[in-house]
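Observations on the three-dimensional arrangement
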Amino acid sequence: QVQLVESGGGLVQPGGSLRLSCAASGSIFSVNAMGWYRQAPGKERELVATIAKRGYTNYAESVKGRFTLSRDNAKNTVYLQMNSLKPEDTAVYYCNYKAGPDNHFGSWGQGTQVTVST
């Protein structure tokens, strides 16, 4: 069972940068994929980016070219580097994993708030 804790959120100006961290209590190599998701008020939770065991990544079109997901297996940590932030990036950001033959999600945590505003 992998437990995850997100951190690094905060208030930034449009065009600014922020790096989110997701620390895992267990090996993140034991799951099918790690990912970042976000949820804005009144909206559904949406995919931001994922990285699979072998390092394959995919990004939502809205963040492609601006966000970079990375993984440090030795530290059991995944990161989300966010550049050129826009107000529409404002949301609670969550990390999670997918595991098992059915590719199920782990438990959702509290997330970390990212606010992009002047």
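Computed from a predicted structure; not experimentally measured.

**What to know about the packing of aromatic side chains**
Counted by the stated rule, this structure contains four aromatic pairs. When the ring of Tyr37 is compared with that of Phe105, the centres are 5.3 Å apart and the planes differ by 80°; the resulting orientation is edge-to-face. Highlighted residues: Tyr37 in strand E4 (residues 33–39) and Phe105 in strand E10 (residues 104–105), separated in sequence by 68 residues. Summarising the aromatic geometry, the rings of Tyr37 and Trp108 are spaced 5.3 Å apart at their centres and angled 85° between planes, so their arrangement reads as edge-to-face. Linking Tyr37 in strand E4 with Trp108 in the loop between E10 and strand E11 (112–116), this pair joins segments that are 71 residues apart in sequence. The exposure class assigned to Trp108 is partly exposed, which follows from its relative accessible area of 30%. Directly above the aromatic system of Tyr94 lies the positively charged group of Arg45, at a separation of 4.9 Å from the ring centroid. A cation over an aromatic ring shows up here: Arg45 above the ring of Trp108, its NZ or CZ 3.9 Å from the ring centre.

**What about the nonpolar core?**
Trp36, Leu80, Met82 and Tyr93 are the most contacted members of the largest nonpolar core, which has 30 residues in total. At the level of elements, strand E3 (18–24), E4, strand E5 (46–52), strand E7 (67–72), strand E8 (77–82), strand E9 (91–99) and E11 are the ones that each hand at least two residues to this core. It is E9 that provides the largest number of residues to this core, a total of five residues.

**Re the state of the cysteines**
Under the definition given, this model contains one disulfide. Linked covalently through their sulfurs, Cys22 and Cys95 form a disulfide whose S-S length is 1.9 Å. Taking the sign of the torsion about the S-S bond as the criterion, the disulfide between Cys22 and Cys95, at about 65°, is right-handed. On the criterion of sequence distance, the pair formed by Cys22 in strand E3 and Cys95 in strand E9 is long-range, its members being 73 residues apart.

Criteria and thresholds
- Residues numbered from 1 in each chain as written.
- Predicted model: local features only at pLDDT ≥ 70, side-chain atom pairs only at ≥ 80, totals over all residues.
- Heavy atoms only, no water.
- Phe/Tyr/Trp six-rings, centres within 6.5 Å; stacked < 30°, edge-to-face > 60°.
- Helix = DSSP H or I, 4+ residues; strand = E, 2+ residues; numbered from the N terminus.
- Buried < 20%, exposed > 50% of the residue type's maximum accessible area, 1.4 Å probe, protein only.
- Lys NZ or Arg CZ within 6 Å of the ring centre and 35° of its normal.
- Core = buried A, V, L, I, M, F, W, Y, C linked by side-chain atoms within 4.5 Å.
- Disulfide = S-S within 2.5 Å.

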